[in-house]
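The primary structure of each chain is shown beneath.
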Amino acid sequence: MASGRKPKGKHPDKRLTPVFVRKTSEAGRYCDGNGLYLKIEPSGARRWEQRLVIQGRQRTLGLGGVQLVSLAEAREKALANRKNARVGGDPMDLRRQASIPTLEAAAAAVIELHRPSWRNAKHAAQWEATLRTYVYTRLGKRPVSDIDTADVLNVLMPIWHEKPETARRVRQRISTIMKWAVAQGFKQDNPCGDAIGAVLPKQNGKGKLHHRALPHSEVAGAIKAVRTSGSGAAVKLAFEFLILTAARSGEVRLMTWSEVDTNAVIWTIPAERMKAGREHRVPLCARALDILAEARQLGNGSGLVFPGTRPGKPLSDMTLSKLMRDLNLDAVPHGFRSSFRDWAAECTNAPRAVMEAALAHAVSNKVEAAYARSDLFARRSELMEQWAEYLTDSCETKVVPMIRRRSQADAQVRTAVTN
């Protein structure tokens with residue numbers, strides 16, 4: 001008869017037989033010995049269970065279905081578990097250890113977990129490349145549970161001073177993987193935490209690496225050099241447009257005509273293409289409108305404002321960088337945002353909030369951000385027109401009053417904002 005409890009009397013040992021296991025169909029729990037039970041569900045499903053006292057607590061372990069685990073195999077597992085429990089061990093820990101992933105497998109799981117939140121495939125590719133180059137050769141095949149602070153140090157120290165920025169990224173990525181392992185129950189602590197921070201030496205006083213930028217007084221010369229270069233028309237126009245709008249390279253390269261409203265003199269970058277994840281309106285100065293008019297003549301049906309040489313593809317992320325290297329311009333495209341910011345601080349009396357809004361920088365203070373509802377579009381419109389004029393004329397005075405430079409176009413902007 002089926003019973004959920006151990007039979008009274010002598011401690012059962014190998015009570016069940018293979019024939020009984022194969023032919024019995026009545027739902028219930030049948031004891032064999034060593035805490036092993038045959039469990040038959042009302043649905044007819046059959047599986048093995050074992051009841052054990054593990055470190056003072058009554059626990060039930062599943063040992064597999066009858067179709068996959070024979071009576072002899074179930075008995076062998078049950079006996080091994082009972083012996084382990086009697087000496088203070090935890091058979092469930094052994095089972096967890098058997099399922100613990102290697103660091104490489106854990107990294108793959110973390111990348112897939114975060115992939116939907118990353119803005120482009122490039123970020124995932126960078127993760128995979130740095131881990132493959134600096135981590136997998138040393139730790140990739142090791143279970144995450146075995147990796148300690150010393151292991152992480154062995155990965156970081158060879159590049160800590162030689163490649164400081166890369167080393168910091170590697171540490172951050174290993175830390176993210178280890179936090180996932182802790183959350184999954186595969187580890188008790190993160191070996192990239194406070195302990196390793198106290199051990200790692202200072203990186204020769206080097207702080208965060210910044211993008212190389214030209215002094216603002218040299219930006220007009222860079223535009224002139226590009227205009228007279230042998231580069232393609234789309235590259236030349238994109239380069240100047242990037243400077244005039246103080247936008248990021250990717251925002252300009254992937255710009256589409258659907259984002260442009262020349263009547264309202266606005267370029268609206270959708271949230272999914274912005275670093276801060278918020279829609280950003282960019283005021284277009286008169287010269288920027290002229291560039292867009294020229295770019296219209298380059299249309300190839302792709303919808304891109306500055307199409308690349310390959311049909312339907314945008315300019316590559318290296319195109320503008322290569323152009324600057326070829327012209328011996330000691331900067332990178334992103335650096336023109338710094339050039340603009342320096343100019344705005346030194347040559348105008350624009351408030352800091354207007355400068356930061358022009359660069360689409362998020363307000364870091366949460367309280368301040370809660371009250372900063374306006375994107376200061378009208379004032380940014382004035383500032384960007386002044387920037388365009390500065391690039392055309394020489395800056396003869398150190399402070400340029402914030403006066404309106406636009407008549408008809410500015411009136412259109414005010415009307416658009418009001419409506």
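Cut-offs used in this document
- Residues numbered from 1 in each chain as written.
- Predicted model: local features only at pLDDT ≥ 70, side-chain atom pairs only at ≥ 80, totals over all residues.
- Heavy atoms only, no water.
- Helix = DSSP H or I, 4+ residues; strand = E, 2+ residues; numbered from the N terminus.
- Buried < 20%, exposed > 50% of the residue type's maximum accessible area, 1.4 Å probe, protein only.
- Contact = heavy atoms within 4.5 Å.
- Areas by Shrake-Rupley, 256 points an atom, 1.4 Å probe, with all protein chains shown as cover.
- Axes fitted to C-alpha atoms, helices over the stretch in contact; angles between N-to-C directions.
- Parallel < 35°, antiparallel > 145°, perpendicular 65-115°, else oblique.
- Pairing = 2+ DSSP bridges.
- Phe/Tyr/Trp six-rings, centres within 6.5 Å; stacked < 30°, edge-to-face > 60°.
- Lys NZ or Arg CZ within 6 Å of the ring centre and 35° of its normal.
- Core = buried A, V, L, I, M, F, W, Y, C linked by side-chain atoms within 4.5 Å.
- Polar contact = N/O pair within 3.5 Å; in protein donor to acceptor, adjacent residues only side chain to side chain.

*Asks:* Can you help me understand the overall build of the protein in this one?
*Replies:* Secondary structure summary: the protein contains 19 helices and 7 strands in total. Across the 419 residues of the protein, 41% fall into the buried class. Here the contacts in the protein between residues at least 6 apart in sequence split such that 58% fall between residues at least 24 apart. Accessible area for the protein stands at about 23,500 Å²; split by element, carbon and sulfur atoms hold 50% of it.

*Asks:* It is not clear to me how the packing of helix α11 (residues 233–245) against helix α18 (residues 377–392) should be interpreted in this structure. Could you clarify?
*Replies:* Helix-helix packing is characterised by the crossing angle of the two axes and by the distance between the axes. Look at α11 against α18: their axes get within 9 Å of each other, and the N-to-C directions meet at 125°. The pairing of α11 with α18 is recorded here as oblique in orientation. On α18, the residues touching I243, L244 and T245 of α11 are M384, W387, A388 and L391.

*Asks:* Just to check I follow, could you spell out unusual backbone geometry for this structure?
*Replies:* Most of the time, phi is negative for any residue but glycine, and the peptide bond is trans. Although it is not a glycine, V265 adopts a positive phi angle of roughly 60°. Relative to the elements of secondary structure, V265 occurs in the loop between β5 (260–261) and β6 (266–269). Located in the positive-phi region is A360, a residue other than glycine, with phi close to 60°. Relative to the assigned elements, A360 resides in the loop between α16 (352–358) and α17 (366–371).

*Asks:* Looking at this structure, I do not really get the sheet that holds strand β1 (residues 28–33). What am I missing?
*Replies:* Strand pairing in a sheet relies on backbone hydrogen bonds. The paired strands run either parallel or antiparallel. Taken together, the 4 strands give an open sheet; going across it, the order is β1-β2-β3-β4, and neighbouring strands pair in antiparallel fashion. The open sheet has two edge strands, β1 and β4 (57–65), and neither has a second partner. Direction aside, neighbouring strands of the sheet carry axes that sit 30° apart on average. Pairing of strand β2 (residues 36–40) with strand β3 (residues 46–54) involves 5 bridges; the strand directions are antiparallel. Looking at the pairing, L36 lines up with Q50 of β3. Against the sheet, helix α2 (residues 71–86) makes contact with β1, β2, β3 and β4, and its axis sits at roughly 15° relative to β3, the strand it touches most.

*Asks:* Please clarify how the pairing of β1 should be interpreted in this entry.
*Replies:* Along any regular strand the residues' side chains alternate between the sheet's two faces. The element β1 is extensively covered by neighbouring structure, given that 6 of its 6 residues are classed as buried. Remark: 2 residues form the turn of the hairpin made by β1 and β2, two consecutive strands paired antiparallel; N34 in that turn has positive phi of roughly 60°.

*Asks:* Explain the packing of aromatic side chains to me, please; I cannot follow it from the model alone.
*Replies:* The description of an aromatic ring pair rests on the distance of the ring centres and on the angle between the ring planes. If you walk through the whole model with that rule in mind, you get 11 aromatic pairs. With a centroid separation of 5.9 Å and an interplanar angle of 50°, the aromatic rings of W180 and F186 are classed as tilted. Among the residues examined, F186 registers a relative accessible area of 19% and is labelled buried. Ring centres of F241 and W267 lie 5.5 Å apart, and the angle between their planes is 55°; on these two criteria the pair is classed as tilted. Residue F241 is found in helix α11, and its partner W267 is found in strand β6; the two are separated by 26 residues along the sequence. In this pair, the class of F241 matches that of W267, namely buried. Connected via pairs of aromatic rings, a cluster forms that spans F340, W343, W387 and Y390. The positively charged end of R51 is found above the aromatic ring belonging to Y37, 5.7 Å away from the centroid. The ring of F377 carries R281 above its face, with NZ or CZ at 4.4 Å from the centroid.

*Asks:* What is the right way to look at the nonpolar core in this model?
*Replies:* In a soluble, globular protein the nonpolar side chains are often hidden away together inside. Of all hydrophobic cores here, the largest spans 55 residues; its most connected members are F239, F241, I243, W267, F306, F340 and W387. For this core, the secondary-structure elements that each account for two or more residues are α10 (219–227), α11, β6, α13 (286–296), α14 (319–326), α15 (335–347), α16 and α18. With residues up to four places along the chain from it excluded, the contact list for W387 reads V219, I243, L244, S339, F340 and W343. Counting residues in hydrophobic clusters, the runner-up holds 33 residues, among them A124, Y134, V135 and V170.

*Asks:* Before we go on, may I ask you to explain the sheet that holds β5 in this structure?
*Replies:* Sheet architecture is open: 3 strands sit in the order β5-β6-β7, paired in antiparallel fashion. Edge positions in the sheet fall to β5 and β7 (280–283), since each of these pairs with one other strand and no more. Sheet analysis places β5 next to β6, joined by 2 bridges and oriented antiparallel. Looking across to β6, one finds that D261 is bridged to I266. The sheet contacts of α18 involve β6 and β7, and relative to β7 the element is tilted by about 40°.

*Asks:* Explain the environment of T245 here, please?
*Replies:* Mapped onto the elements, T245 comes out in helix α11. Sequence separation between T245 and R337 is 92 residues; the distance between their C-alpha atoms is 8.9 Å. Ignoring sequence-local partners within four residues, the contact set of T245 consists of V252, W267, V282, L284, A358 and M384. For T245, the side chain forms a polar contact with the main-chain oxygen of L242, separated by 3.4 Å.

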